[in-house]
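# Fold and contact review
Now for the letters of each chain:
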Amino acid sequence: MDRLKNKIAVITGGCSGIGLGTVELFVREGARVMVGDIDDTAGAALEARFEGQVAYRHCDVMQESQIEGLMAACAETFGGLDILFNNAGAGGSPARLEDMTGEAWDLSQNLLLRSVALGMRYALPHMKARGGGAIVNTASIAGTQAGAGPIAYSVAKAGVIHLTKVAAAELARDGVRVNAICPGLILTNIFTPSAMMPAGMVTMIKQGMAQTAPDAQPIAKPGLPEDIANACLFFASEESAFVTGVSMLVDGGMHVGPRNAW
Ligand code: NAD
């Protein structure tokens, strides 16, 4: 408890799934949290649930001015900004290169990669004013190996991993650490059919998830938002004071291959 006492955090995509699990954990650990998301109904409910500790602001992370506004709103509302969890995202479509369009490509890069760069860009002045900070970016196992996600999504997430290293090298002089988390399969609303994740792709992934029981990955169950939130807490807290530029897989061991059958 109190591992984030007196800390002020921005969490993008905090209305659902991994982001929501992290909001809940950060609040329990004493932080005040500014949530940026496009789900205004869920955002209002979050504010009411954690009155005084959570504030919500509409922020489409594809809009640069809204990202800048989110960071400024956090500083105005809570008096500063110490932690940024760059987490908002959605699945990508299409799955295959041969179905790709430039528009679909740009959408994934803007939503998943450009948003992370701009989030760091606009959080930085506020963190410098506090003498430093911690940034955590959500990448994906799909950014580390082929076949774990749609093509533009996977390449954007690989970009987040490298962006994390480049930013860690630059921002260390400002006392800002930058790390990333690469979730494996985590049960969230991302697997609900949408424009970015058509029904066919959801079915395909859910079949894949079913295969993770019992033997497709060493820890044979899908992950939960709190599994990622716990990793995020480590990177956000002083316990990781000597850690920067790391991208940590939190994937039930999926990256090592299937569970041994013997
Ligand atoms: P989710 O759908 O439960 O939550 C995503 C949140 O982001 C929602 O609240 C949504 O409203 C918000 N969002 C979507 N587009 C936005 C935009 N343009 N601007 C601001 N907010 C926006 O999904 P999740 O699984 O919790 O996803 C969170 C992150 O984790 C994403 O970056 C995703 O790519 C990544 N991820 C998820 C998994 C998984 O298995 N669930 C695996 C690897 C990586």
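The paragraphs below set out a description of the structure included in this document. Just so you know, these numbers come straight off a predicted model, no measurement behind them.

Moving on, we get to helix 5 (residues 151-171). With 21 residues, helix 5 should reach 30 Å at 1.5 Å per residue; the first-to-last C-alpha distance of 30 Å fits that figure. For helix 5, the full list of buried residues reads Ile151, Ala152, Tyr153, Ser154, Ala156, Lys157, Val160, Leu163, Thr164, Ala167 and Leu171. Considering only its buried residues, helix 5 is in contact with helix 4 (102-129), strand 5 (133-138), strand 6 (176-183) and strand 7 (247-250).

Turning to the environment of Glu64, a few remarks are in order. Inspection of the secondary structure puts Glu64 in helix 3 (residues 64-78). A tally of 14 C-beta atoms within 10 Å means that Glu64 is categorised as partly exposed. Put simply, Glu64 and Ser115 are 51 residues apart on the chain and 7.8 Å apart in space, counted from C-alpha to C-alpha.

So, about the site of the ligand. Every one of the 27 residues lining the ligand counts as a neighbour, but Gly13, Gly17, Ala88, Gly89 and Thr188 are closest to it. The element best represented in the shell around the ligand is helix 1 (residues 17-28), accounting for three residues. Here the residues of the shell around the ligand are counted per class, giving 13 nonpolar, 11 polar and three charged.

Below, the discussion takes up the packing of helix 4 against helix 5. Running from N to C, helix 4 and helix 5 point in directions that differ by 20°, and their axes come no closer than 9 Å. With respect to their mutual orientation, helix 4 and helix 5 come out roughly parallel. Seen from above, helix 4 lies across helix 5 with right-handed handedness. Between helix 4, through Ala104, Trp105, Ser108, Gln109, Leu112, Leu113, Val116, Ala117, Met120 and Leu124, and helix 5, the contact on the second element is made entirely by Ala152, Tyr153, Ala156, Lys157, Gly159, Val160, Leu163, Ala167 and Leu171. Taken together, the residues that form the contact of helix 4 with helix 5 break down as 15 nonpolar, three polar and one charged.

Quick look at the nonpolar core now. Nonpolar side chains in soluble globular proteins tend to end up buried together. Formed by 76 residues in total, the largest nonpolar core has its most connected members in Ala9, Val10, Ala123 and Cys232. For this core, the element with the highest residue contribution is helix 4, accounting for 11 residues. Once residues within four sequence positions are removed from consideration, Ala9 is found in contact with Phe26, Ala31, Val33, Asp82, Ile83, Phe85 and Ala236.

Across the sheet, which stays open at both edges, the seven strands sit in the order 3-2-1-4-5-6-7 with parallel pairing between neighbours. Only two strands of the sheet have a single neighbouring strand rather than two, namely strand 3 (54-58) and strand 7. Adjacent strand axes in the sheet meet at a mean angle of 20° when their direction is disregarded. Of the pairings in the sheet, the one linking strand 6 to strand 7 comprises four bridges and is parallel in character. Residue pairing for strand 7: Cys182 is matched across the bridge by Leu249. Contacts between helix 2 (residues 40-49) and the sheet are confined to strand 2 (32-37) and strand 3, with strand 3 contributing the most and set at about 160° to the helix. On the sheet, helix 3 packs against strand 1 (8-12), strand 2 and strand 3 and is oriented at approximately 155° with respect to strand 2.

Reading the values: the criteria
The numbers attached to residues start from 1 for each chain and follow its sequence in the written order. A pLDDT threshold of at least 70 governs which residues receive local features in this predicted model, and a stricter bar of 80 or more applies before side-chain atom pairs are shown or counted, although totals over entire chains, interfaces and linings include all residues. Helical segments are the DSSP runs of H or I of at least four residues, strand segments are the runs of E of at least two, and each set is numbered from the N terminus. Expected helix span is taken as 1.5 Å per residue step, with the number of steps being one fewer than the number of residues. We call a residue exposed when 12 or fewer other C-beta atoms sit within 10 Å of its C-beta, buried when the count reaches 20 or more, and partly exposed for counts in between; the C-beta positions come from the backbone. For the purpose of contact definition, each residue receives a C-beta atom placed from its backbone, and two residues are in contact when these atoms lie within 7 Å. As a rule, any residue with its backbone-derived C-beta atom within 6 Å of a molecule or strand is reported as near that molecule or strand. In the scheme used here, Gly and all other residues not listed as nonpolar or charged are polar, with Ala, Val, Leu, Ile, Met, Phe, Trp, Tyr, Cys and Pro taken as nonpolar and Asp, Glu, Lys and Arg as charged. Here, axes are lines fitted to C-alpha atoms. For helices the fit covers the stretch in contact, and angles between N-to-C directions go from 0 to 180 degrees. Geometric relationships in this document are graded by angle, where less than 35 degrees denotes roughly parallel, more than 145 denotes roughly antiparallel, 65 to 115 denotes roughly perpendicular, and other angles denote oblique. Crossings are assigned a handedness: left-handed for a near helix turned anticlockwise from the far helix by less than a right angle, right-handed for a clockwise turn. Only buried Ala, Val, Leu, Ile, Met, Phe, Trp, Tyr and Cys residues enter a nonpolar core, and they are joined through C-beta atoms within 7 Å. Between any two strands, pairing holds if DSSP finds at least two bridges.

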